[in-house]
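Coordinate analysis (summary)
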Amino acid sequence: MIEEYLEWGAAQGGKRGMPWIPTHCITKRRHLLEWKEALKLEHLIDLNGILPKVEAYTRVLMADGKSGKSVSIRVESLRSFILWCKKRKFLTENPIEEIAKFDTTPINIRRAMTKEEIKLLLEGCAPHRRLLYEVAVCSGLRENELRQLTPRHLDRDNCAFVIE
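The present account deals with the structure reproduced in this document. Note that the structure is predicted; figures quoted are calculated from it, not measured.

1. Things to note about helix α6 (residues 127–139)
With 13 residues, α6 should reach 18 Å at 1.5 Å per residue; the first-to-last C-alpha distance of 19 Å fits that figure. Following α6 by one or two positions, glycine 140 has its phi on the positive side, about 80 degrees.

Encoded structure:
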């Protein structure tokens with residue numbers, strides 16, 4: 001059933017019937033397979049009365065150092081799957097409807113660098129890293145997004161990057 005849900009999401013699961021973006025599909029799959037393994041789920045009927053086990057596993061995740069936001073996102077993956085099943089009458093109720101919310105206050109507060117901090121970074125970095133840092137600062141791309149850049153993203157005529 002998970003595969004059917006993921007196929008639906010990849011086709012039309014987003015807002016206004018749009019497909020999920022590929023990274024969202026990957027995350028949903030990873031989370032649902034994690035739940036399946038952690039809760040020993042084989043069939044939809046195994047979801048009946050699952051709330052105490054879900055809550056226990058969220059406590060394990062928190063004890064392992066996961067943030068409230070990270071745990072909340074995992075629970076949302078399970079919740080959205082359950083709601084999809086309920087809407088299609090595969091389930092008659094949402095067995096985790098009463099799960100409590102998590103404190104999603106960020107653990108690490110991030111902020112933009114000041115002009116002075118940027119200047120110090122560029123002056124003090126290894127020369128072979130300077131271009132990377134300049135692109136990061138000017139574009140706002142994250143680490144993994146920078147890592148995925150290839151020459152095909154470079155628009156030489158306009159001195160720009162083209163990101164799909």
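Read on, since the account is not over.
2. Section: the environment of threonine 150
As for its placement among the helices and strands, threonine 150 is situated in the loop between α7 (143–147) and β1 (154–155). Considered as a pair, threonine 150 and valine 135 are 15 residues apart in the sequence and their alpha carbons are 13 Å apart.

3. A closer look at the packing of aromatic side chains
Enumeration according to the criterion identifies 9 aromatic pairs in this entry. When the centroid spacing of 6.2 Å and the interplanar angle of 45 degrees are considered together, the rings of tryptophan 8 and tryptophan 84 count as tilted. Residue tryptophan 8 is found in helix α1 (residues 2–12), and its partner tryptophan 84 is found in helix α4 (residues 68–87); the two are separated by 76 residues along the sequence. The buried category is assigned to tryptophan 84, whose relative accessible area is 5%. Ring geometry for tryptophan 84 versus phenylalanine 90: centroids 5.9 Å apart, planes at 50 degrees, classification tilted. Taken together, the ring pairs connect Tyr5, Trp8, Trp20, Phe81, Trp84 and Phe90 into an aromatic cluster. The ring of tryptophan 8 carries the charged tip of arginine 88 above its face, separated from the ring centre by 5.0 Å.

4. Some details on the side chain of glutamate 34
By secondary structure assignment, the location of glutamate 34 is in helix α2 (residues 22–38). Separated by 3.0 Å, the side chains of glutamate 34 and arginine 74 make a polar contact. Not counting residues within four places of it along the chain, the set of residues in contact with glutamate 34 comprises Tyr57, Leu61 and Arg74.

5. Quick word on the packing of α1 against α2
Where α1 contacts α2, the two axes come as close as 10 Å, and the packing angle between them is 165 degrees. Between α1 and α2, the angle falls in the class roughly antiparallel. At the point where α1 passes α2, the crossing takes the right-handed sense. Contacts between α1 and α2 involve Ile2, Glu3, Tyr5, Leu6 and Ala10 on the former and, on the latter, Cys25, Lys28, Arg29, Leu32 and Lys36. Broken down by class, the residue content of the contact of α1 with α2 amounts to 6 nonpolar, no polar and 4 charged.

6. Looking at the environment of arginine 16
Inspection of the secondary structure assignment puts arginine 16 in the loop between α1 and α2. Taking the C-alpha atoms as reference, arginine 16 lies 34 Å from asparagine 158; in sequence the two are 142 residues apart.

7. Quick notes on the nonpolar core
Core analysis: the largest hydrophobic core is formed by 26 residues, its most contacted members being Leu47, Val54 and Phe81. Taken together, the elements giving at least two residues each to this core come down to α1, α2, α3 (51–63) and α4. Tallying contributions element by element places α4 first for this core, with 7 residues. The contacts of valine 54, once residues within four sequence positions are left out, are Trp35, Leu39, Leu78, Ile96 and Ile99.

8. Structural notes on a nonpolar patch on the surface
On the surface, Leu154, Phe161 and Ile163 cluster together into a nonpolar patch covering about 260 Å² of accessible area. Here isoleucine 163 is to be found in the segment after β2 (160–161).

9. Some points on the pattern of salt bridges
Within the structure shown, the criterion is met by 6 salt bridges. Its salt-bridge partner being glutamate 76, residue arginine 79 comes within 3.0 Å of it at the nearest N-O pair. Here glutamate 76 and arginine 79 lie together in helix α4, a separation of 3 residues that amounts to about one turn. The shortest N-O distance in the salt bridge between glutamate 143 and arginine 147 comes to 2.7 Å. Of this pair, glutamate 143 and arginine 147 are both found in helix α7, 4 residues apart, which corresponds to roughly one turn of the helix. Assessed through its relative accessible area of 59%, glutamate 143 is described here as exposed. Its relative accessible area of 54% is what places arginine 147 among the exposed residues.

Calculation rules
Residues numbered from 1 in each chain as written. Predicted model: local features only at pLDDT ≥ 70, side-chain atom pairs only at ≥ 80, totals over all residues. Heavy atoms only, no water. Helix = DSSP H or I, 4+ residues; strand = E, 2+ residues; numbered from the N terminus. Expected span 1.5 Å × (residues − 1). Phe/Tyr/Trp six-rings, centres within 6.5 Å; stacked < 30°, edge-to-face > 60°. Buried < 20%, exposed > 50% of the residue type's maximum accessible area, 1.4 Å probe, protein only. Lys NZ or Arg CZ within 6 Å of the ring centre and 35° of its normal. Polar contact = N/O pair within 3.5 Å; in protein donor to acceptor, adjacent residues only side chain to side chain. Contact = heavy atoms within 4.5 Å. Axes fitted to C-alpha atoms, helices over the stretch in contact; angles between N-to-C directions. Parallel < 35°, antiparallel > 145°, perpendicular 65-115°, else oblique. Left-handed = near helix turned anticlockwise from the far one by under 90°. Nonpolar A, V, L, I, M, F, W, Y, C, P; charged D, E, K, R; others polar. Core = buried A, V, L, I, M, F, W, Y, C linked by side-chain atoms within 4.5 Å. Patch = residues over 30% accessible without salt bridge, like charges linked within 9 Å, V, L, I, M, F, W, Y side chains within 5 Å. Areas by Shrake-Rupley, 256 points an atom, 1.4 Å probe, with all protein chains shown as cover. Salt bridge = Lys/Arg side-chain N within 4 Å of Asp/Glu carboxyl O.

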